[in-house]
There are 2 protein chains.
Amino acid sequence: MPSLKQLLVGRPLETAEMHEQKLSKKAALAVFSSDALSSTAYATEEVLLALTAAGAVSFALSVPASFMIVGLLWIVVTSYSQTLEAYPTGGGAYTVAKENLGVYPALVGAAALLIDYVLTVAVSAAAGIAAITSAFPQLYSHRVGLCLLAIAVVMWANLRGVRESAAMFAGPVYLFIVAAYALGAGALLKSSGASVAVPPSGTGMGFPAEPFALLLLLRAFSSGCTALTGIEAVANGVQAFEPPVSRNARTTQFILGGILATLFLGITLAAHVHGLAPREGETILSQLNRLTFGTGAIYYFIQATTMAILILAANTSFAGFPRLTSYIAMDRFLPRQFANMGDRLVFSNGIIFLGAAAGALVVFGGGDVHRLIPLYTVGVFVAFTLSQAGMVIHWKRSQASGKHWRMALNAVGAFTTALVLVIVASVKFLHGAWIVLLAVPAFVWVFLKIRRHYFRVSTELSVASYDRVRTLKHTVVVPVPGINRASLGALEYARSISPDVIAVTVNVDGEDPERLQAQWAGWVEDVPLVVLNSPYRSILRPLLRFIDEVESFRNDDVVTVLLPEFVPARWWERLLHNQNGLILRGALALKPKVVVTSVRRHLQR
Amino acid sequence: MPSLKQLLVGRPLETAEMHEQKLSKKAALAVFSSDALSSTAYATEEVLLALTAAGAVSFALSVPASFMIVGLLWIVVTSYSQTLEAYPTGGGAYTVAKENLGVYPALVGAAALLIDYVLTVAVSAAAGIAAITSAFPQLYSHRVGLCLLAIAVVMWANLRGVRESAAMFAGPVYLFIVAAYALGAGALLKSSGASVAVPPSGTGMGFPAEPFALLLLLRAFSSGCTALTGIEAVANGVQAFEPPVSRNARTTQFILGGILATLFLGITLAAHVHGLAPREGETILSQLNRLTFGTGAIYYFIQATTMAILILAANTSFAGFPRLTSYIAMDRFLPRQFANMGDRLVFSNGIIFLGAAAGALVVFGGGDVHRLIPLYTVGVFVAFTLSQAGMVIHWKRSQASGKHWRMALNAVGAFTTALVLVIVASVKFLHGAWIVLLAVPAFVWVFLKIRRHYFRVSTELSVASYDRVRTLKHTVVVPVPGINRASLGALEYARSISPDVIAVTVNVDGEDPERLQAQWAGWVEDVPLVVLNSPYRSILRPLLRFIDEVESFRNDDVVTVLLPEFVPARWWERLLHNQNGLILRGALALKPKVVVTSVRRHLQR
C-alpha cells in the first residue's frame with residue numbers, strides 16, 4: 001500500500017537510477033536561458049519606475065540607460081565565456097571563489113547566491129502572476145494566493161524529481177523568444193507608421209538638466225541591471241553540455257547574450273516611443289502588447305508565454321539552490337540535512353526550504369516584489385565580482401597559453417562588475433540594498449559557527465583515545481505510583497536488566513510507610529520499596545533528590561531510571577493523566593550519568 | 001535559592017498548614033455578598049438596553065420589570081434559606097442535585113455552574129473596567145488590555161493562595177453598600193427637588209401599546225434577572241459560618257437579599273426619573289453618579305468602590321471554580337489534575353484554567369461583555385432550578401418536622417425558577433442562550449467520556465488476575481551510525497543490561513559490508529554487527545524491518561532498542577543533526593513488545 005508521501009511524490013528511486021543527460025546546444029539554450037530571458041519581462045519596467053519620481057519628462061533617459069546595460073552585459077558574457085573553458089565541470093561563484101580566492105570570499109559568494117536563489121523564485125513567481133493579472137484584472141486581488149500556488153506547484157514538481165529536461169523547457173522558451181521578438185518588432189513598426197508618441201513637453205529632447213540628469217541616469221541604470229540576472233546559468237551547468245563541452249557552452253553563452261541584449265533593447269525602445277508609463281495592475285509588457293496587437297488571441301498568447309518562462313525561471317532556482325546547499329553542507333558550512341539525498345534522488349530539504357523562504361517573501365511583500373529587485377541585483381553582482389576576481393587569480397596561477405590577455409579580460413570583468421556593484425549598492429542603499437549588505441556577513445557568520453560546531457563534535461566523538469569497551473555496573477531505580485500492572489511490568493523489565501533494583505514511591509497522602517512496604521512485599525519480595533514522604537505534595541522534587549543520592553552514594557557507572565507508563569488507546573485520553581513521567585524525563589535529561597527508560601503498557605480499550 | 005515560581009507565588013506550604021477560618025455574620029456578609037451586590041452595577045443598564053430597540057418611550061417599563069425581579073429575588077432567597085438548614089456543610093447545586101436527583105441532573109448543574117464561573121469573571125472584570133473607563137474616557141480604547149490585567153492580577157493573587165479573608169472583603173463591600181445607597185438616595189432626592197425628567201413624549205404614561213408592551217416587559221425582565229446572580233454564594237459557603245451555623249447563614253442570606261433588592265430598585269427608579277439612556281463609553285451608574293454629585297471627589301470615590309466590588313466578585317469565582325472542579329475531578333468526571341492541590345494549598349490548575357478561559361472570552365468579546373450576560377443568566381437559572389428541585393426531593397425523603405410546608409416552599413422556588421429559565425431561554429434564545437443550551441449537554445457528554453476512561457484504565461491496570469512478577473528474557477538492538485564515542489558508550493551500556501546484544505548499521509553509501517564488520521570487530525569482538533543495505537537511502541525503513549524481524553524470530557519477551565545519542569552543548573546545535581533517533585522513537589512507540597532507550601553523550605563544548 002503506498003503511503004500518502006508516495007502518492008504525492010512518487011515511488012522511491014534507487015541510487016543506481018541516478019544519471020545525467022547530455023545536452024545539445026539547442027537544448028542547452030532552452031534549459032539555461034529561462035532565468036536570464038525572463039528578466040526582460042520586468043527589467044524595462046524597473047528602469048521606468050526608477051525615473052517615475054522625476055516625472056514623465058525623464059523617461060527618455062531609459063534609452064541611454066539600456067544601452068549602458070547592454071554594454072555591461074557584453075563585458076559579463078565575455079568574462080564568463082572564459083570561466084566555461086576553465087571549469088568544464090561547473091563554475092559557480094562558490095566553486096571558483098573557493099578554489100582561487102579562499103574560504104571567506106567563497107562564503108560571501110555562497111551567501112549572495114543563496115539570497116539570490118530565494119529572490120529569483122519570489123520575483124519570478126510574482127512577475128509571472130503579474131503577466132496573468134494584467135490580462136485578467138479581476139484576479140489582481142488574488143495575486144498573493146496565486147503566487148503561493150505557483151511556488152507550491154513548482155516545489156511539488158521538484159520534490160517528485162523533475163529533471164531539467166530539454167523537452168520541458170524547449171517549448172515555452174522558444175515560444176517566448178518568438179513572442180518577445182514579435183512584440184518588440186511589432187510595437188516599433190506600429191509607432192513608425194503612426195504618429196510617434198513624444199513625452200508630453202519638456203526641455204529640449206525631453207532630457208532634464210545636468211547634474212540631476214546624471215544621477216537619474218545612474219538610478220535607471222542600477223534598476224535595469226536586473227536584466228543581467230541569470231546570465232551565469234550556463235557557467236553553473238556547463239557539465240551538462242555535449243562534447244566539445246567548452247566550445248558548445250561558449251557558443252550558447254554568446255547566443256544567449258545576444259538574444260537577451262536585443263530583446264531588452266527592443267522592448268525598452270518600444271516602450272519609450274509609445275510613451276508608456278508604469279501603472280498599478282498592468283505591466284509595461286502587457287500595455288505594449290495590448291497597444292500593438294489589441295486585446296485578442298495574440299495578446300493572450302504572449303501573456304501566457306511570458307508567465308510560462310517566468311515560472312520556468314523559478315524552476316531553475318529549485319534545481320540550483322538545493323545543489324548549492326548540498327555542496328556547502330558537504331563542506332560542513334550548512335546543516336548536513338541539506339546534503340541528504342531523498343527518496344526521489346533530489347535534495348528534498350533544500351527544495352522545501354527554498355519554497356518556504358520564497359513563499360514567506362511573497363506574503364511579506366504582499367505579492368508586490370518590486371521592492372525585492374534591488375536586493376536581487378546587489379546579490380547577483382556580488383557573485384559576478386567574486387567569480388571574475390577568482391578567474392583573475394586562476395589565470396595568474398595557470399600555465400595556459402594566452403593567460404595574460406585572458407587574465408586582463410577577466411580583470412576588466414571583475415573591475416566593471418565591482419564598479420556596478422558599488423553603484424547599485426549606493427544608489428539603491430535605502431531601497432533595500434542595505435539588507436543584503438547586512439545579510440551577507442550574517443550568513444557568513446552562521447556558516448562559520450556551523451562549521452566550528454561540526455568540527456567540535458567530530459573531535460569529541462573521536463575514538464582516538466578510547467580505552468576499551470567495558471561492561472558497566474548500574475543500579476535501576478523504578479519510581480512507582482502504587483501496585484498496578486504498569487508498575488509490576490516495569491519491575492519485571494528492571495529485574496531483567498540488573499541485579500540491583502530499587503523501587504521508590506512518593507507518599508503524598510500521608511499513608512503509613514510500613515503498611516505500603518508490607519503490601520509491596522506481598523508482590524515482589526526481592527526488590528526493596530523506598531517510601532519518600534512529601535509534606536509539600538510534590539512528586540518530582542523528592543524523586544530527583546533520591547536519584548541524586550543513589551547516583552552519589554552507590555559506586556555505579558550509571559543509574560537507570562525506569563518509568564512505568566501506560567499509553568491510553570485514544571490520544572485525547574493522555575490529557576486525563578498527569579505528565580509526571582515527561583517532566584521527570586526532562587529534569588533528568590541534563591544528568592550525564594543517568595539513563596531514562598519508559599516501560600509502556602498499551603491499554604487496549 | 002528560590003526559583004522563579006517561588007518568587008512569583010511564594011514558598012511551598014505544608015499540607016498541615018491548611019485550616020478553615022470561621023466567620024461572624026458581619027464578616028460572612030462581606031465575604032459572600034460581593035458577587036450578588038456587584039450585579040447592581042450593570043443590571044439596570046441591561047434592563048434599559050433590552051428596551052432601547054423600542055425607543056426611549058418604553059423605558060418606563062423598567063419600573064414594573066424591576067418590581068417583578070425583586071419579587072422573584074424574594075422567592076429565590078426564601079427557597080435557598082432552606083438549603084442552608086439542610087446542607088450545613090455546603091449546598092451547591094452540584095452537591096444537592098447529586099444527592100437528591102442523581103448523577104445526570106448533577107452533571108447538568110455542574111456544567112451550568114462551570115460556565116457561570118467563567119462568565120462571572122469575564123462579566124465582572126469587564127464591568128469593573130467599565131466603571132473606570134466611564135470616569136477616565138481616555139482609557140476606553142485600552143479596555144481589553146485593562147480587563148486582562150485585572151484578571152491576571154486576581155489570578156496571581158489566587159495562585160499565591162489568597163484566602164477569602166473577611167479583612168480583605170469587609171472594606172470594599174461595606175464602602176460599596178454605603179456608596180450605592182448614597183447614590184440611589186441622592187439621585188432620587190435631587191430629582192424630586194428639581195423638575196422631574198419625563199421621558200420625551202409618548203402615549204399616556206409613556207407606556208407602549210399592548211400586547212407589544214407585554215413582550216417588551218418580558219425582555220426587560222429577562223435581562224434584569226442577571227441581578228440575581230451570586231445570590232447562591234451563601235449556600236455554597238455555609239460551612240464557613242460560626243455556630244449556630246444555619247441560623248447565622250439564614251439571617252445573612254435575608255440581609256443580603258434585602259440590600260440587593262433595595263439597591264437594585266433604587267438605582268433603577270433613579271435612572272428612570274432622570275430619564276437616563278444607555279450609551280457607549282459611559283455606564284448608567286456613572287451617568288447617575290455624575291448627575292447627582294458632579295464630577296468631583298465623591299464621583300470618583302463611588303466609581304472606585306464600584307470597580308473594587310466587581311473585581312472582588314471575579315475573585316469569588318476564583319475561589320469557587322477550582323473548588324467545584326476539584327469535587328467533580330474527585331468523582332472522576334474531570335481530569336484528575338484538577339484535584340491536585342498545589343504548593344500553596346490551592347488548586348492551581350483550576351485557577352489557571354479559569355483565568356485563561358475568562359481572558360479568552362474578554363478578548364473574543366472585545367472587552368464588551370454585554371453579549372455574554374444572557375448566557376450567564378441562563379446558566380444561573382439552570383443551577384437555581386436543579387438546586388430547588390433537589391431540595392423538593394430532599395424534603396420528600398426527610399423525617400424533619402414541617403417537611404410538607406418546606407417541600408411546598410422549595411417547590412414554589414423550583415417552579416418559579418424553572419419558569420423564569422424557560423422565559424429567559426426563549427426571549428434570549430437568539431441573543432446567545434442557545435450557546436448554553438448546546439454547551440451544557442456537550443459538557444455532560446465530556447464528563448461521561450472522562451469517567452468511562454478512568455474506569456477502563458483502573459480495570460486494565462488492576463493486578464487482580466496478575467500471576468507473579470517474572471524476570472524477562474530480552475535482546476538488545478543497538479543501531480549505530482559508525483564507530484564513535486557515542487556508539488561505543490551505548491555498547492558498554494547494552495552489554496551491562498543483557499548478554500544478547502546485536503549492533504546494526506544502515507549502509508547508505510554503498511560501502512563494503514565486510515570491511516565495516518572487520519573494522520567493528522577491532523573494537524568490540526563479542527557483539528556482532530549487522531549491516532543493512534539501503535538502496536533507497538532510507539535509514540528508518542531498514543531499521544524498523546530489522547527490529548520487527550528480531551522481535552518475531554527470537555524467543556524474547558521484549559526487545560530493547562538502544563539509541564546512541566549525543567546532546568550538543570547549545571540548543572540551536574541540535575538543528576544541525578538529523579533527528580533519526582526521534583523519528584525512530586516515534587515509530588517504535590506503538591509496538592508493545594519494544595522498549596526504547598537513549599544513551600546520551602553530553603558534549604562539553
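Only a predicted model underlies this, so the values are computations on that prediction, with no experimental measurement involved. In every chain, residue numbers begin from 1 and rise along the written sequence. A letter from A marks each chain and a number from 1 marks each ligand, given out in the order of writing. Where totals are concerned, whole chains, interfaces and linings use all residues; where local detail is concerned, this predicted model gives features only for residues with pLDDT of at least 70, and gives and counts side-chain atom pairs only at 80 or more.

What about the environment of A:Trp395?
Tracing the backbone shows A:Trp395 in helix H15 (residues 373-397). Counting other C-beta atoms within 10 Å of a residue's C-beta gives its exposure: the residue is buried at 20 or more, exposed at 12 or fewer, and partly exposed in between, where C-beta atoms are placed from the backbone. Among the residues examined, A:Trp395 registers 21 C-beta atoms within 10 Å and is labelled buried. Secondary structure counts use DSSP, requiring at least four H or I residues in a row for a helix and at least two E residues in a row for a strand, with both numbered from the N terminus.

Quick notes on the relation of the copies chain A and chain B
Here the copies are matched by least squares. The fit uses the C-alpha atoms of residues with pLDDT of at least 70 in both. Expressed as a screw operation, the relation of chain A to chain B combines 0.0 Å of axial shift with a rotation of 180 degrees, fitting to an RMSD of 0.1 Å. As the rotation angle and translation indicate, the two copies are arranged about a two-fold axis. Across chain A, the rotation axis passes nearest the C-alpha of A:Ile497, at a separation of 2.1 Å. A share of 96% of interface residues in chain A that are also interface residues in chain B marks the association as one of identical surfaces. The contact criterion used here is simple: two residues whose C-beta atoms, placed from the backbone, lie within 7 Å are in contact.

Description of the packing of helix H12 (residues 284-293) of chain A against helix H13 (residues 297-330) of chain A
All names here are of chain A. The interhelical angle for the contact between H12 and H13, taken along N-to-C directions, is 155 degrees, at an axis separation of 9 Å. The orientation of H12 with respect to H13, classified from their angle, is roughly antiparallel. Relative to H13, H12 is oriented so that their crossing is right-handed. Counted together, Leu285, Ser286, Asn289, Arg290 and Phe293 of H12 and Ile298, Tyr299, Ile302, Gln303 and Thr306 of H13 form the full contact between these two elements. Note on residue categories: nonpolar means Ala, Val, Leu, Ile, Met, Phe, Trp, Tyr, Cys or Pro, charged means Asp, Glu, Lys or Arg, and polar means any other residue, Gly included. For the contact of H12 with H13, the per-class residue count stands at five nonpolar, four polar and one charged. Note on geometry: axes are C-alpha line fits, over the in-contact stretch for helices, and angles between N-to-C directions span 0 to 180 degrees. With respect to orientation, any angle under 35 degrees is reported as roughly parallel, any angle over 145 as roughly antiparallel, any angle of 65 to 115 as roughly perpendicular, and every other angle as oblique. Each crossing is labelled by how the near helix is turned from the far one, with a counterclockwise turn of less than a right angle marking it left-handed and a clockwise turn marking it right-handed.

What to know about the domain arrangement of chain A
Domain ranges listed in this record stem from an automatic or a database domain assignment. When its domains are assigned, chain A resolves into domain 1 (27-454) and domain 2 (474-602). Its C-alpha centre places domain 1 of chain A at a distance of 63 Å from the equivalent point of domain 2 of chain A.

A few points about the interface of chain A and chain B
Contact residues are listed per partner, giving 53 residues for chain A and 52 residues for chain B. When contributions to the side of chain A that touches chain B are tallied by element, the ones reaching two or more residues are helix H17 (429-461), helix H18 (485-497), strand E4 (558-567) and strand E5 (594-602) of chain A. Examining the composition of the side of chain A that touches chain B, we find that nine residues originate from one element, H18(A), more than from any other. Taken together, the residues that form the side of chain A that touches chain B break down as 29 nonpolar, 13 polar and eleven charged.

Things to note about helix H15 (residues 373-397) of chain B
What a helix should span is 1.5 Å times the count of its residues minus one. Spanning 25 residues, H15(B) covers 37 Å between terminal C-alpha atoms, matching the ideal 36 Å at 1.5 Å per step. Where burial is concerned, most of H15(B) is hidden: 22 out of the 25 residues are buried.

A word on unusual backbone geometry
All names here are of chain A. A cis amide bond links Pro243 to the next residue, Pro244, at an omega of -5 degrees. Unlike most non-glycine residues, Arg332 shows phi in positive territory, near 75 degrees. In this fold, Arg332 is placed in the loop between H13 and helix H14 (348-364). Judged by C-beta crowding, with 18 C-beta atoms within 10 Å, Arg332 ranks as partly exposed.

Considerations on the packing of helix H16 (residues 403-427) of chain A against H17(A)
Two numbers describe a pair of packed helices, the interaxial angle and the distance between the axes. Residue and element names in this part refer to chain A. It is the contact of H16 with H17, at a shortest axis distance of 6 Å, that shows an interaxial angle of 120 degrees. When the interaxial angle is binned, H16 and H17 end up oblique. Here Val424, Ala425 and Ser426 of H16 lie close against H17, whose contacting residues are Phe429, Ala433 and Leu437. Of the residues in the contact of H16 with H17, the class split is five nonpolar, one polar and no charged.

Side note on the nonpolar core
Soluble, globular proteins show a tendency: their nonpolar side chains are buried together. When buried Ala, Val, Leu, Ile, Met, Phe, Trp, Tyr and Cys residues are joined through C-beta atoms within 7 Å, the set is termed a nonpolar core. In this structure, B:Val118, B:Ala122, B:Ala125, B:Ala126 and B:Ile151 are the most contacted members of the largest nonpolar core, which totals 150 residues. In terms of residue count, helix H6 (residues 103-135) of chain B provides more of this core than any other element does, 23 residues in total. The contacts of B:Ile151, once residues within four sequence positions are left out, are B:Val121, B:Ala125, B:Ala314, B:Gly355, B:Ala358, B:Gly359 and B:Val362. Counting 149 residues, the second-largest nonpolar core is a separate cluster that includes A:Ala150, A:Ala179, A:Ala235 and A:Met307.

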